[in-house]
Each structure stands twice: as C-alpha cells, then as structure tokens.
Amino acid sequence: MTDFRKSVVYQIYPKSFYDTNGDGLGDLRGVIEKLDYIKELGVDYIWLTPFYISPQRDNGYDIADYYHVDPRYGTMEDFEELAAEAKKRGIRLMLDMVFNHTSTEHEWFQKALQGDPKYKDYYIFKKGKEPGVPPTNWESKFGGNAWEYVEDLDEYYLHLFDVTQADLNWENPQVRKEVQEIIKFWIGKGAGGFRFDVVNLISKGEFKDDYEGDGRRFYTDGPKIHEYLRELNEATFGTDAELVTVGEMSSTTLENCYHYAGEDGKELSMVFSFHHLKVDFMGNEKWVIVPFDFQKLKDIIFDWQVKMAEHKAWNAVFWCNHDQPRVVSRFGNVKNYWKESAKMLGTVVHCLRGTPYIYQGEELGMTNPGFTRIEQYKDVESRNHFRILQEKGLSEENAYQILQIHSRDNSRTPMQWDETKNAGFTTGDPWIEVTKNHSYINAKAELEDPDSIFQHYKKLVQLRKDYDIIAYGDIEPLDQKNPSVFAYRRTYQGEEMYVINNFYGKEVTWKADKDLTEFCVLLSNYQDTMIHGNQVTLRPYESIVLHKK
Ligand code: GLC
Ligand code: CA
C-alpha cells in the first residue's frame, strides 16, 4: 500500500504543461508524454487540476459537465490511457473535484434558470433585501458582490467566486447524492485519490450582512461541514484505504483541521491551509505590496506543524500551486541566489511533517514572468482586480506592480521544457506567454546538470523514502526568533535530524544545542559545510540537513 506520509505529490495544471497538437493549450496526451520525466523526479502521485467540460472562465474550476473530458484537453480514452500508463510507473492520479459550485453553463443551473423547482433547489437562490439590494453584503473572492440578480426569477443566486460559478446547495440531499455519484464514477475510471476544491466553504451558515469583513465568517468551516465530509467519505472514497484525499481549506482554523485530517480517517487524508502564504498580505488583503514577514512565516508554519502533530492530524505541505506566485520570486532571491534559494526553499518544505506537494516547474526553480501589459494576464481574478485597484484610485503602474507580485498567472505560464521558442511547450501560440528565462531555466538543461534544482528536488523526494524520520518523526522548532534562520529538529526512535536554513543573502553563524560534528550531512546546497562543534556558518541561502542514528 502506498503510504501517503512517505509520498510526494506533483501538481499538474494541464493547460500549461505540455501541448501535443499545436493548439497552444496543454492536454492530457501531453501529460502521458511527460510521464517519464515525472517518474524521474520520483513522485508517487500526480494531482491533475480540472480537465472536465468547462467554459474556462476560471480555467476549468467552472465545471459544466463532471462526467466528460473537455475536448480542449482530449478524450476519455486519453484519460484512461493516462491512468494506465501512470499506474505502470507506480504513479497514481489524484483528481480535482470542484463541488462548492458549478459553472452557470451546467445543465442543472440552466434548468434552475428556467424555474424548474428541483434544480433551483440545487443552488442558493434568495430574494433581495429590498428591490435592487442583494440578500447580503458578502463579497465575491474575485471582487464585487457575491450575489447575482436573475430578472426572470426576481431572485439572486450566490457565487462566492466568479459570477459564472454558482454555489451549490449542500443542504439538499439530492445535491450530495449527485456529488457521490461523480466521485464513484471517477473511482471507476481509475482515480487514485482526490483533491477537493475549497471544500470547507460548502456548508453555509446564516445569510446575514457582515459588518466586520467580507462575509467569509458565515460560510467558512460552516455548521455542517464535518457531517458532510463524513457522509461523503463513508459513501465513496472511505471504502478504499488506497484512495488518498486532500481538502483545500480556505481561511480555516487549526481546530477544524484536526477533524478534517484526523488520523482516524473519518474525513480526509490531509489538508491544505494557506495562512503561511498570507505573510505578504495586509491582513486578508492580498492586492498590496508589503515585504514578507519572516517571523510570521515561521510562527505559522511551526504552530501548524506542532499542533497538527499533537492532535494526530496530517498536513499537506507546500509553497506553490496554480493560485500562488512562484516561491523563488516570493521568498527567494532570483537575481543573485536563484539556485541556492530555490533549493533552500525546497528543503524547508520537504523535511517538514506532512505530505509535500511540488507544483509543475517548481522543481526547475521557475519564476514569476513579470508581465507588463494587461493582455498578458488571462486570470479572471487578476483582470477584475486590475480594474478594481484603479477604481480605488491607484495608478495603472501601481496596479501592474501589484499584479506582478500577486497574480495567479505568475504560476500559470507554460512549463519550461527546453531553450527553444515557447520553451518547447507548444509548436503553436501558447495560450499564455512563456517566461523569458527559459534559455537557462528549463527541464532539458536541469536533467543534464548534476547540480541543478531538479536534482535537488529529486534527492528530497528520495530522502523521504529512505528516512522514516522525515515521514514519521516528531518536529520541534529551533531558535524560532532568529531573524534569518529557519531551523527545526526531527526525532524518531532515537534518531535525530537537524534542518538548518539561512533564509537570507547574508552569511550568518548559528549555534545548536549540541555538537553537530557527530551528524552526517544528508543534503546541502553548497559543496561543503562550515561546521565547528556546535556552530555552523551559513552562507547566503545555505541549507543543511544533518542526521544522526
Ligand atoms: C480554488 C482553486 C482556484 C479556483 C477556486 C474556485 O481556490 O484552486 O483556482 O479559482 O478554488 O474554484
Ligand atoms: Ca493541445
């Protein structure tokens, strides 16, 4: 049995991964063709973001038909072949399930619009407070009010995301049944697990105005969320211990995650939380420019690490996904220490307690593209906020600066396979521009270079397999207040491991509580180490993993 605690997951955003028919969009056949590359990295699972029928307003997170492959991505035969080829290589597929909402083009919603009472009850329709006033003042995560008026019905429907993503009504048992059927269908097609999109938002509480925030407190980790997840688990994936699940938890709390991802396996295998990726926000406001708060980053990560362990719950650990900017641009130093900082960041995450996720191209040290024109941005959230920021009075230049840092498109540029035009991603015109550094940041070059970021990630994946302490050990933060070092200790059955990382470009000396010369160096991002007794001198972005039996 694959133990998800010893596993690493590789996330693929098919649209930007590899295009096999020259239409500029990556496809499922592209994933098949690159399976050997993924195998070379050594990962156990691939998480595939949505490839179902969709108008692509939100790149597939707006599903119009859960049972078919969107022709843009290929056919059901392609999917079946992919599942079979992956299996041959010992890789299992985790499928992305978006059940908080459907596309407004979904047949259910279309019927609801026609006034069919059965399907109206699949969604959340409500009367306005008074003519012209939406039921509540909640804000959509993509900007604007979260309710859309439908004249023919004289009612509003709720959309926590884009106006074409209508929230499903989980109170309706029929909706929950539909969802179960979809999951069972994909298990039958060979899915090895699931990632559940914003799944902690499915249980809506009271529909009240929020005078303190944007409304999220009324639907986040809502009143019936644990009940719904248990029901789903029992009716579908819970019957097969091989199926691994991860929930994307928006603005969640530790207390809820103890249950979502508890060892008893009643809900999910593990959770994504995002608090550690808001350390360059102002509170919940992402569309600002502030330097990242290193102390807060460590405090949050360690708090989750220690408390989830205490409560026997399991984390997904990660820096990157298709909604986040590239980590080396965010917390590393692309200009002067690109390679060192990318490797250091990889080590910090992969030696934590939890299942690590690698987002396509992270293993190459891919960077933000630095787009300078709005036409280069394709993401609905980015485009909306570009407008909203200027409506709030920011200059266009300022709005661009913010997008360059925070836009989700930062991670959605094509995978950089080689140094040729379009980075070897497509022979046609890519749907989104390629980042202009693929002459040296590309898979071909990094597979050949024994010192590359790719090779470092490959070692990290292997370390988790070779050393049980990484998968099963306890974790203890070290010197948590240190202004530049991110250090922790893992312990397991008498073994000990130190993970010591300089997060900045300045040399620093760090003191341990014991003699470090007794330890073996398992991994580092420099040729040698400077260890003297209990002291270690760390060069810019230096990262060292030490182990003692
Ligand atoms: C999740 C997805 C994101 C999507 C949103 C709405 O956060 O990761 O890409 O836009 O849910 O489905
Ligand atoms: Ca294609």
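You'll find the structure just up there.
Q: Tell me about the pattern of salt bridges, and name the residues and values.
A: Evaluation of the coordinates by the stated rule reveals 52 salt bridges. The partner of K120 in a salt bridge is E155, with the nearest N and O atoms 2.4 Å apart. Highlighted residues: K120 in helix α5 (residues 117–120) and E155 in strand β9 (residues 155–158), separated in sequence by 35 residues. A relative accessible area of 12% places E155 in the buried class. Here D379 makes a salt bridge to R408, at a shortest N to O gap of 2.9 Å.

Q: Provide a residue-level description of empty space enclosed by the protein, including the pertinent values.
A: Taken as a whole and assessed by the stated rule, the structure comprises three cavities of 30 Å³ or more. For the largest cavity, the calculated volume is near 160 Å³. Considering the residues around the largest cavity, the lining is formed by 14 residues, among which S273, H276, I301, A316 and V317 are closest to the centre. Top contributing element to the lining of the largest cavity by residue count: helix α9 (residues 294–310), with four residues. For the lining of the largest cavity, the residue count by class is 10 nonpolar, four polar and no charged. Taken as a whole, the second largest cavity spans an internal volume of roughly 50 Å³. In terms of lining, the second largest cavity is formed by R326, V327, V328, A342, E362, G365, M366 and Y457.

Q: Help me get a handle on the site of ligand 1, residues and values and all.
A: Every one of the 14 residues lining ligand 1 counts as a neighbour, but D58, D197, E248, H322 and D323 are closest to it. Here an oxygen atom of ligand 1 sits 2.8 Å away from a polar atom, N or O, in the side chain of H322. In the environment of ligand 1, an oxygen atom lies 2.5 Å from a nitrogen or oxygen atom belonging to the side chain of D323. In isolation ligand 1 has 310 Å² of accessible area, and contact with the protein removes 96% of it.

Rules used in this analysis
- Residues numbered from 1 in each chain as written.
- Chains lettered and ligands numbered in written order.
- Predicted model: local features only at pLDDT ≥ 70, side-chain atom pairs only at ≥ 80, totals over all residues.
- Heavy atoms only, no water.
- Salt bridge = Lys/Arg side-chain N within 4 Å of Asp/Glu carboxyl O.
- Helix = DSSP H or I, 4+ residues; strand = E, 2+ residues; numbered from the N terminus.
- Buried < 20%, exposed > 50% of the residue type's maximum accessible area, 1.4 Å probe, protein only.
- 1 Å grid on protein atoms, 1.4 Å probe; cavity = no way out; pocket = protein on both sides within 12 Å on 5 of 7 lines; lining within 4 Å.
- Points joined across faces, edges and corners; volume = space filled by probe spheres on them.
- Nonpolar A, V, L, I, M, F, W, Y, C, P; charged D, E, K, R; others polar.
- Near = heavy atom within 4 Å.
- Polar contact = N/O pair within 3.5 Å; in protein donor to acceptor, adjacent residues only side chain to side chain.
- Areas by Shrake-Rupley, 256 points an atom, 1.4 Å probe, with all protein chains shown as cover.

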